[in-house]
Each structure stands twice: as C-alpha cells, then as structure tokens.
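# Residue-level structure breakdown
Now for the letters of each chain:
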Amino acid sequence: MNRPEIEQFIVTAEQMRAIENRVFDAGMPVAALMEKVATLVARRIQALYPLPKSANTLSVGVLVGPGHNGGDALVVARELHFRGYEVIIYCPFTKLKELTQHHANYAASLGIPIYQEIDFLQNCALFVDGLFGFGLERAIKDPVATAIALVNTWGKPILSIDIPSGLHTDTGAVLGTAISATHTFCLGLWKLAFLQDQALEYLGQVELVDFDLPLADIEAVLGNFSKVHRIVTEQAKSGLPLPRPPAVHKYKLGHLLLICGSRQYTGAAILAGLGARGSGVGMLSMVVPQSLKLLLNRHLPEALVIDCPETESGAIAHLPPEIDFSAYQAIACGPGLTMQPMLLVKQILDSDRPLLLDADALNILAQIDPRQILPQRSAPTILTPHPGEFLRLFPDLIMDLSNRIAAGQSAAQQSGAIVVLKGARVAIAEPDGNIYINPDSTPALARGGSGDVLTGLMGGLIAQVNPENLIAQVQTAVWWHAQAGILAAKERTELGVDAFTLTQYLIPALQA
Ligand SMILES: NC(=O)C1=CN([C@@H]2O[C@H](COP(=O)(O)OP(=O)(O)OC[C@H]3O[C@@H](n4cnc5c(N)ncnc54)[C@H](O)[C@@H]3O)[C@@H](O)[C@H]2O)[C@@H](O)CC1
Ligand SMILES: [K+]
C-alpha cells in the first residue's frame, strides 16, 4: 500500500538523485535499497502475471542495462527464477556498474541464461524492461536500439522498471528509441515524464511503487523549489462545494454569468450551460444572441436567458446596457462566441468579477494583448487555452510538447492569470509559478464540445466559492471533467463520449 501523501509529488531526475543521495548519506546501503525496491517490483509482477496452473512455467525475458536500472532488473530476474519462472536475460553491455555486475554474476551462477543477442528471447511470453531508468542521458544506439524496436514488435506484455527505457525522465521525449511498455512501475516518486503528453503512448498502465523514501528527505530536496504538483483525487474532491450548508438559499450558492453562443455555434452555448448545470451553481444566467433564446429555454429551463441584439451573422452585438456585473459571483465567456463581440470582451475584462475566458474570447483577447490588460484587472482571470489558442495568446512563448509545463508557468507569471493549458494531461499554472497537473484522463475527451462543458462546469464551481479558493476550484473542475470522461468511456467505450453524453456523466462521476 502506497502512502497517500506520496502521490502528490513530482520530481525531475536531478531531484530524485538528490533525495536518493540523502538516504544513502544517512546510512541506507545502496544494495539494500535496490534489494527492497526490486523485491517490491517482483512481487507486483507475480501478482499481475502469476504462474499459470495449467502450464508448469512462464518464460520471462529480462532486459538488463549497465546501471542500477539494470541492477533492479537482475534482482527481479533472480526472484522470478526462484519463484519458478523461466527467466532469460538480455544484456549486451560489457561494462556494468559494480553492484549491477555482482547481481549479473550471481544470476549467471544460478544458471539463468544471459545473452548478448535479443533473438534468444523471442519466444518469451512476457518482458521486464530494466535497460535504463533516470540515468539515461543520451540517445540509445545500436545494437540496443534495434533490440528495443524488435521487442516492441513482438506484441507481448512489457513491464518497465521505473520508466520505459528510452524516455527522458523530465521531458518524456524519446531519446533515439523507446520501449513501448504495457505497464510501468514508477519507483519511489512520480517522475515528470509521467505527466508529459509525449510520453503517454509509451507508458502503458502506470503505477507508483512506494519504497518508503522519508518525507523529510523529499521535502528537504523539493522544499519550496518544487512548483510542479500532481492533482490527487482526495484534494480535488475536497474542493467540491459539498456538503452544502443545511440552511442556505439559491443566491448564496453562486450566480454565474455565462456569455456564449452565436447562430453559427448554438451547441456550444447549450453544452456550456449543461456543464454549469452539473456544477450545482445556485443561479445561472446566460447571455446569448436573441435567436438562441427559445432553444436555450428548452434545453436549460432553469437558466435565466438574457437575450442580446445580434449582428447580421448571428453573433452577440452588445450586452444589454442595464447589465450589472456586481450581481454575479463569476463570469465565464467564450464558447461559440465568434470573433465579433470584441467590445463585449473588453467590457467584461473591465469588470471586477472573477473571469473565465475560453475559446473565441481567448482569440479576441489575443488581439488585445493579455500581458498588457490582464495584470490591470482587480479580480482573478482564468484562461483555458488549447495549444493553438495558447500560441495566439503568447506567440513568443514557443511551446512544444517538451516544454509545455515551463511555457504554462511563464504565461501565468507574465499575464497574472491562472492558465489552464489543455492537452492529454491538463496543466494549471498560477502566477506564483505553481503548476498542477491532472494525471488521470482519457482520449475520449479529445472531441468537439468537450471544452465547452469544462467552461460551464468550471464557471459554475468558481461562482460558488470565495475568490481566494479559486485555484482549488479550477483543479477540481479539471479533475471532475476528466473523471466524467473516464466513467463514460468505461461504460460506452472511448467512441461513446460525445460532449452531450459527457454532461450526463458529471454527477454519476461524483457518485462513483
Ligand atoms: N531512485 C532511487 O532511489 C532508486 C533507484 N534505483 C534504480 O536506479 C536507476 C537509476 O540508476 P542509474 O543512475 O545507474 O541509471 P540507469 O540505470 O538509468 O543508467 C545509467 C547507465 O547507463 C549509461 N547510459 C546512459 N545513457 C546511455 C545510452 N544512451 N546508451 C548506453 N548507455 C547509457 C550510463 O553511463 C550509466 O552507466 C533508477 O531508474 C532505478 O531503476 C533503484 O535501484 C533503487 C532506488
Ligand atoms: K526501464
């Protein structure tokens, strides 16, 4: 059982090494730690792939590298051998680290075959990957590169120790070539690569193997320096406005002003409205162009619809002159707006309400210059860009898959806004440099309209709390949205999670 508090940390290779060194300096022998860690991994492998009762054994190919990742793999190989598995080792390296060499000698003395060619392992039913861990520092070359490519094509389960060999521990980039794991046992603390979009297809199912690194050592190294956090379920749940106080009325549970839609993008308004409904917000007012009023009444009978004059092409022309922003606890704006309501966006930027901008509102903001206007706001601003919108907002912050975390942090610091950078792993950056990454999600959410649902949901949540707790609500919204997607995909497959269906899973996701 992992300690729950361990799940929140995210480390770089350098930080992991520093934590590990503190433990060694304090007296823990390196060999003892390796023994402990690898024994835990071996047990997990036995639990996942027990020896079949029908056959008398299971053949396991163990890929061994020159460093301590290879040492871990050799301990696993030895343990599986003693438990009755038929183990075959691939190790093409002539020079191994000392401890790794000792384990290799012992494995050989037990009669476990060790080959320098990968072909000897091609009939194995299962592979354990211990080629490289966080010590990988340059691109993998032949013959190892070819061996990795071959094992990937064999279609057998591959269990990686610490990280799939070939992935950079921090960026998740592929260095030359990488193991495509079916399961990865991340050792001790979550490495940054596990939260990087570009690594996801190599990781398979992931699990953290907690081996009791003392919290004091983790905190001594991470201290105030670590600004990268992993959103954990318990913390996300604690942001939910539940339970409600027993004596309460609707105006005490937040009033959200949701500004969205056009004749061209009607559905975006409905989806954002349904997202807001899911949040349980006390009151929902929706600003839409006139011609959407009836339709919205039908889909969201509980919403107060403020219909606005519209442009020739059906966008909101302007807000009603009598609109009073002080009546609302939060404003969310953007889905389906089109680029026309430029003045409207300027007007809400001038308001003193917490403001969430998405979609076209971001594209309009990009034309105004977020770094100039956002720091002048008296209330918090939240931006929810996908990578395209992000680059329009911050064109000089070159963002690619290897630096999205840093780019998100810079954008938040420079604009003073909370920046919710969408992607396979949503990253939420605060102006103070902290960034929170949502670890669990599903590709089912990569679908038109899913962002509109998030806007409504997040808007509804931030309307319900004190602006000081905003960052917690933003994390909760991102987590909740993903959980709804995961549950819907589980019941309906990843193809069955259209945005409307997603709205129907918001409440069941909480019940689950
Ligand atoms: N973090 C911890 O506290 C623990 C770490 N352990 C294991 O130790 C690993 C880290 O061990 P190491 O620091 O020895 O690093 P690795 O085992 O990841 O590999 C480093 C070795 O590979 C070589 N190397 C790097 N890039 C190469 C390339 N492209 N081609 C060929 N050789 C290359 C290096 O020169 C070095 O010898 C972890 O990933 C984990 O598996 C565990 O044994 C015990 C606990
Ligand atoms: K590995």
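All values derive from a computational prediction rather than experimental measurement.

Quick look at the nonpolar core now. Counting residues in each nonpolar core, the largest one holds 106 residues, and the members touching the most others are Ile89, Ile259, Leu357 and Leu383. With seven residues, the top contributor of residues to this core is helix H2 (residues 30-48). Not counting the four nearest positions on each side in its chain, Ile89 is found in contact with Val62, Val64, Leu74, Ala77, Ala107, Ile112, Pro113, Ile114, Tyr115 and Leu121. One finds Ala276, Met458, Ala477 and Val478 within the second-largest nonpolar core, a separate group that totals 57 residues.

Turning next to the packing of helix H3 (residues 68-82) against helix H4 (residues 98-109). The N-to-C vectors of H3 and H4 enclose an angle of 25°; their axes lie 8 Å apart at closest approach. Considering the angle they form, H3 stands roughly parallel to H4. Crossing geometry of H3 relative to H4 is assigned as left-handed. For the pair H3 and H4, the contacting residues are His68, Gly70, Gly71, Leu74, Val75, Arg78 and Phe82 in the first and Leu99, Thr100, His103, Ala104, Tyr106 and Ala107 in the second. Its residues assigned to classes, the contact of H3 with H4 comprises seven nonpolar, five polar and one charged.

Protein ligation of the potassium ion (ligand 2) involves Asn69 (OD1), Asp129 (O), Phe132 (O), Ile161 (O), Ile163 (O) and Ser165 (OG), the donor distances falling in the range 2.6 to 3.2 Å. Here the potassium ion (ligand 2) is ringed by six donor atoms whose angles at the metal span 68 to 177°, and the overall shape comes out irregular. Going along the chain, you hit the donors of the potassium ion (ligand 2) in the pattern N-x59-D-x2-F-x28-I-x1-I-x1-S. Linking Asp129 in strand E5 (residues 126-130) with Ile161 in strand E6 (residues 158-161), this pair joins segments that are 32 residues apart in sequence. This pair shows no difference in class: Asp129 is buried, exactly as Ile161 is.

This part covers the site of ligand 1. Surrounding ligand 1, one finds 24 residues, the nearest of these being His68, Asp72, Lys97, Gly133 and Asp162. Phe134 places a main-chain nitrogen or oxygen 3.1 Å from an oxygen atom of ligand 1. A distance of 3.2 Å separates a nitrogen atom of ligand 1 from a polar backbone atom of Ala139. About the coverage of ligand 1: the protein hides 88% of its 880 Å² of free accessible area. Put simply, ligand 1 lies in the largest pocket. Secondary-structure elements contributing two or more residues to the shell around ligand 1 are helix H1 (13-25), H2 and H3.

On average, the protein scores 95 in pLDDT, and the residues at 70 or more come to 99%. Across the interface, the model reports ipTM at 0.97; the global pTM reads 0.90.

Our next topic: the packing of aromatic side chains. Overall, the coordinates contain five aromatic pairs when judged by the stated rule. Between Phe93 and Phe132 the ring centres are 5.9 Å apart and the planes differ by 80°, which places this aromatic pair in the edge-to-face class. With Phe93 in the loop between strand E3 (86-90) and H4 and Phe132 in the loop between E5 and helix H5 (144-153), this pair connects stretches of sequence that are 39 residues apart. An angle of 5° between the planes, with centres 3.9 Å apart, marks the rings of Tyr115 and Phe120 as stacked. The exposure class of Tyr115 is partly exposed, given its relative accessible area of 27%. By relative accessible area, Phe120 is classed as partly exposed at 45%.

Moving on to the packing of H2 against H3. H3 packs onto H2 with a crossing angle of 55° between their chain directions and a minimal axis gap of 8 Å. By the angle between their axes, H2 is oblique relative to H3. The crossing of H2 and H3 is right-handed. Two secondary-structure elements touch here, H2 through Val30, Met34, Glu35, Ala38, Thr39, Val41, Ala42, Ile45 and Gln46 and H3 through His68, Gly71, Asp72, Val75, Val76, Arg78, Glu79 and Leu80. Here the contact of H2 with H3 is composed, by residue class, of nine nonpolar, four polar and four charged.

In this sheet, strand E13 (residues 304-308) lies alongside strand E12 (residues 283-289) in parallel orientation, the contact comprising five bridges. Bridge pairing links Met286 to Val305 in E13. A crossover links E12 with its parallel partner E13, the connecting element being helix H10 (residues 293-299), and its sense is right-handed.

Parameters at a glance
Residues numbered from 1 in each chain as written. Chains lettered and ligands numbered in written order. Predicted model: local features only at pLDDT ≥ 70, side-chain atom pairs only at ≥ 80, totals over all residues. Heavy atoms only, no water. Core = buried A, V, L, I, M, F, W, Y, C linked by side-chain atoms within 4.5 Å. Buried < 20%, exposed > 50% of the residue type's maximum accessible area, 1.4 Å probe, protein only. Helix = DSSP H or I, 4+ residues; strand = E, 2+ residues; numbered from the N terminus. Contact = heavy atoms within 4.5 Å. Axes fitted to C-alpha atoms, helices over the stretch in contact; angles between N-to-C directions. Parallel < 35°, antiparallel > 145°, perpendicular 65-115°, else oblique. Left-handed = near helix turned anticlockwise from the far one by under 90°. Nonpolar A, V, L, I, M, F, W, Y, C, P; charged D, E, K, R; others polar. Donors = N, O, S within 2.8 Å, 3.2 Å for Na, K, Ca; no water. Tetrahedral: all angles 85-135°; square planar, octahedral: opposite > 155°, others 65-115°. Near = heavy atom within 4 Å. Polar contact = N/O pair within 3.5 Å; in protein donor to acceptor, adjacent residues only side chain to side chain. Areas by Shrake-Rupley, 256 points an atom, 1.4 Å probe, with all protein chains shown as cover. 1 Å grid on protein atoms, 1.4 Å probe; cavity = no way out; pocket = protein on both sides within 12 Å on 5 of 7 lines; lining within 4 Å. Sits in = over half its atoms within 2 Å of the grid points. pLDDT = per-residue confidence, 0-100. Phe/Tyr/Trp six-rings, centres within 6.5 Å; stacked < 30°, edge-to-face > 60°. Pairing = 2+ DSSP bridges. Right-handed = clockwise from strand over helix to strand, strands pointing away.

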